[in-house]
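Observations on the three-dimensional arrangement
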Amino acid sequence: MKHFLDIHKTDPDDLRRMIDDAGRMKQARLGRPRGAPDDDLPLADRVVALIFEKPSTRTRVSFDVGVRQMGGQTMALSGSDMQLGHGETIADTARVLSRYVDLIMIRTFDETVLTEMADYADVPVINGLTDRTHPCQIMADIMTYEEHRGPIAGKKVVWTGDGNNVCASFLHAAGQFGFDMTFTGPAQLDPEREFIELARSKGSRIEIERNAEKAVQGADLVVADTWVSMHDGQSSRERRHNMLRPYQVNAHLMSHAKPDALFMHCLPAHREEEATSEIMDGPNSVIFDEAENRLHAQKAIMRWCLGL
Ligand code: CP
Ligand code: NVA
């Protein structure tokens, strides 16, 4: 069973093939209306369940449109509407869904819900974000970087702010795609040691630099994300804002990076908090390409999962 649970759990050659496949599929439908079907319809006769236990705009719409373009059908389910949200076990839910659908995408809180779903499902399971990781996002981000600047291997990526789930998947990708990463943020919000050590064990140079200006020196890519993630309680909001303010990505900070450094943000953003609009809408920002590439990257992920 080919689940797409995390970037470090997926073979680097397969990851590379998915990125290439996504680019090829994107090219093949240039200029067509969004709803026009792809020529080959690889998901004809297939149904995909999209389970959301947290809000979503990009993941929900990009998976839904991607499946439709490939000729399949989707069913979006909210955790609270399912029996899953009312005491049915994950294992039973996985076994039941496997009798109806061909693929399951789930966005959830605790990653054990995802891994248990995968353990018990007879169909592939895709991670649509957990509290700990967000691999589909980073596949789109790698695709986006390479579209604009060529191979990401050997480049320097700087993560600013909270060492959260998206940062974790970037660290996983550093090890698998062979780039270096510097984290700049407060010590209380460092990424988990495990993610850093894994990337280092695969040969990536991973650094922690508390001074944001020093961190972005020589950066090829600067990345920001929200200061308060969906799983963080709103009670920590003020404390986080105070800690994270020195790490805002603004014109002054970007002036310390390479002149052609790209800026990324997975969105949704809180403008003028983690990044200024001047940067988000500026010439080096590729935030909307990232959002678009969720569609293409996930189509490639689904094909890989189903061996199509
Ligand atoms: N970037 C991302 O996953 O966005 P959504 O929360 O809107 O799906
Ligand atoms: N870190 C953010 C990403 C949202 C796509 C969150 O988990 O809320």
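Residues numbered from 1 in each chain as written. Chains lettered and ligands numbered in written order. Predicted model: local features only at pLDDT ≥ 70, side-chain atom pairs only at ≥ 80, totals over all residues. Heavy atoms only, no water.

Right, let's get into the overall build of the chain. In terms of helices and strands, the chain carries 12 helices and nine strands. In terms of principal-axis extent, the alpha carbons of the chain reach across some 55 × 45 × 35 Å. Across the 308 residues of the chain, 57% fall into the buried class. Counting contacts in the chain only where the partners sit at least 6 residues apart, residues at least 24 apart contribute 75% of the total. Surface accessibility of the chain: about 12,900 Å² in total, with carbon and sulfur atoms responsible for 48%. Side-chain charges in the chain split into 36 positive and 47 negative, and the spacing between the mean points of these groups amounts to 2 Å. (Helix = DSSP H or I, 4+ residues; strand = E, 2+ residues; numbered from the N terminus. Buried < 20%, exposed > 50% of the residue type's maximum accessible area, 1.4 Å probe, protein only. Contact = heavy atoms within 4.5 Å. Areas by Shrake-Rupley, 256 points an atom, 1.4 Å probe, with all protein chains shown as cover. Lys, Arg positive; Asp, Glu negative; His and termini not counted. Charge placed at Lys NZ, Arg CZ, Asp CG, Glu CD.)

Our focus in this paragraph is the site of ligand 2. In the vicinity of ligand 2, the contacting residues are Leu129, Asn164, Asn165, Val166, Asp225, Thr226, Ser229, Met230 and Leu267. Contact distances for ligand 2 include 3.3 Å between a nitrogen atom and a side-chain N or O atom of Asn164. One of the side-chain nitrogen or oxygen atoms of Asp225 is found 2.8 Å away from a nitrogen atom of ligand 2. Calculation on ligand 2 without its partners gives an accessible area of 270 Å², and the protein chains cover 96% of this total. Residues that form the shell around ligand 2 fall into these classes: four nonpolar, four polar and one charged. (Near = heavy atom within 4 Å. Polar contact = N/O pair within 3.5 Å; in protein donor to acceptor, adjacent residues only side chain to side chain. Nonpolar A, V, L, I, M, F, W, Y, C, P; charged D, E, K, R; others polar.)

In this section: the sheet that holds strand β4 (residues 125-127). Across the sheet, which stays open at both edges, the four strands sit in the order β2-β1-β3-β4 with parallel pairing between neighbours. Where the open sheet ends on each side, the last strands, each with one partner, are β2 (73-78) and β4. Recorded for the sheet is a direction-independent mean angle of 20 degrees between the axes of neighbouring strands. Pairing between strand β1 (residues 47-52) and strand β3 (residues 103-107): five bridges, direction parallel. Within the sheet, the bridge partner assigned to Leu50 lies in β3 and is Met105. (Pairing = 2+ DSSP bridges. Axes fitted to C-alpha atoms, helices over the stretch in contact; angles between N-to-C directions.)

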